[in-house]
Amino acid sequence: MINNTLSSYTASTPSIDTELNLADTGQNGIRQLESTLSLSPSLPLSISERQTWLVFAAAVFLVSVPVFIEAPIVRSLPNLSLALTAFWVWLSFSLMSRPATYVWGDLLLGFSGSWLAGAIYWGWLRWEPLWHLPVESIGLPFACWCLMKNWGKVGSWFYLGSLLGTALTDVYFYLVDLMPYWRQIMRVDADGAPQILQNALMQVQTPWGQSWAIILALVLLTVGILALGRNQRHWYAFGGAVLSTILVDSLFLLAAIAA
């Protein structure tokens, strides 16, 4: 009888092992599925802290690029700057074709819209500040369409953050009456620019100019920090673009002071 019991136990052991193996396989499959979903570019899932800050840093860098790199190219070679937009779009779609680099292609696609607007305005329309914001908004319909389709969220929100920063900067220029200096500095040579910058700086240093600078900076700071409170890559792209506006404007202020 004991032998029969042992035989029955031995016979049942493989089935137990099989069930355990199947359970392990099922758990591994679930883990693999969760890993795949977390990397999927099409789903608005939270990402690692490291990747969120990489997206943030990239957004800050890409906002600074048109100001400090594109502007010199546009002044001397506007057609080349405009043609580079096609290269950025091609590169963005190439990166988006691979899951590992999808988010960077997505971000670069939003940057392409900002680059295109900058090439058009600073290449041919920079003498009239009233055209600045309308031209910078050239990619707004496309960004809104992407968000409606739940596609390209990182690039679209980056573009919207960059556009918001541009809009508030232009509003400041209107409120403090800096538009005449904008027109002047676009028409004089390098020797006459320092004096115009000094005159504009005097306008900024008035109580009215300082008050509005603080108000608009607080608006940008608040919007940017609130965006970073959401641990998703498209919000980090938006927050980086918004907060970098403060950095860029501060650098322009320092340049005016140094002049």
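Residues numbered from 1 in each chain as written. Predicted model: local features only at pLDDT ≥ 70, side-chain atom pairs only at ≥ 80, totals over all residues. Heavy atoms only, no water.

## Some remarks on the nonpolar core
Inclusion rule: Residues belong to a common nonpolar core when they are buried Ala, Val, Leu, Ile, Met, Phe, Trp, Tyr or Cys residues joined through side-chain atoms within 4.5 Å. Each residue is assigned to one of three classes by its accessible area relative to the maximum for its type, calculated with a 1.4 Å probe on protein chains only: buried under 20%, partly exposed between the two thresholds, exposed over 50%. Every helix listed is a DSSP run of H or I at least four residues long, and every strand listed is a run of E at least two residues long, numbered separately from the N terminus.
Among the nonpolar cores identified, the biggest contains 23 residues, and Phe56, Leu107, Phe111, Phe158 and Ala237 are the most heavily contacted of them. Contributing elements (two or more residues each) for this core: α2 (49-76), α3 (78-96), α4 (102-125), α7 (153-175) and α11 (233-258). When residues in this core are grouped by element, the largest group, eight residues, is from α2. Counting 18 residues, the second-largest nonpolar core is a separate cluster that includes Leu160, Leu178, Ile196 and Ala227.

## Here's the deal with the environment of Gly110
The line we're drawing: In what follows, residue pairs with any heavy atoms lying within 4.5 Å of each other are defined as contacts.
Its location among the elements puts Gly110 in helix α4. Setting aside residues up to four positions removed in sequence, Gly110 forms contacts with Gly155, Phe158 and Tyr159.

## Here's the deal with α3
Here is the rule: One less than the number of residues in a helix, times 1.5 Å, gives the span that helix is expected to have. The arc refers to the directions leading from the helix axis to the C-beta atoms.
Here α3 spans 28 Å end to end across 19 residues, near enough to the 27 Å set by a 1.5 Å rise per residue. Three or more residues of α3 are buried, namely Pro78, Ser81, Thr85, Trp88, Ser92, Leu95 and Met96. Projected onto a plane normal to the axis of α3, the buried residues spread over an arc of 105° and lie on a single side. Relative to its buried face, α3 has exposed residues pointing more than 90 degrees away, namely Asn79, Ala86 and Trp90.

Limitation: the analysis is restricted to geometry and does not speak to function.
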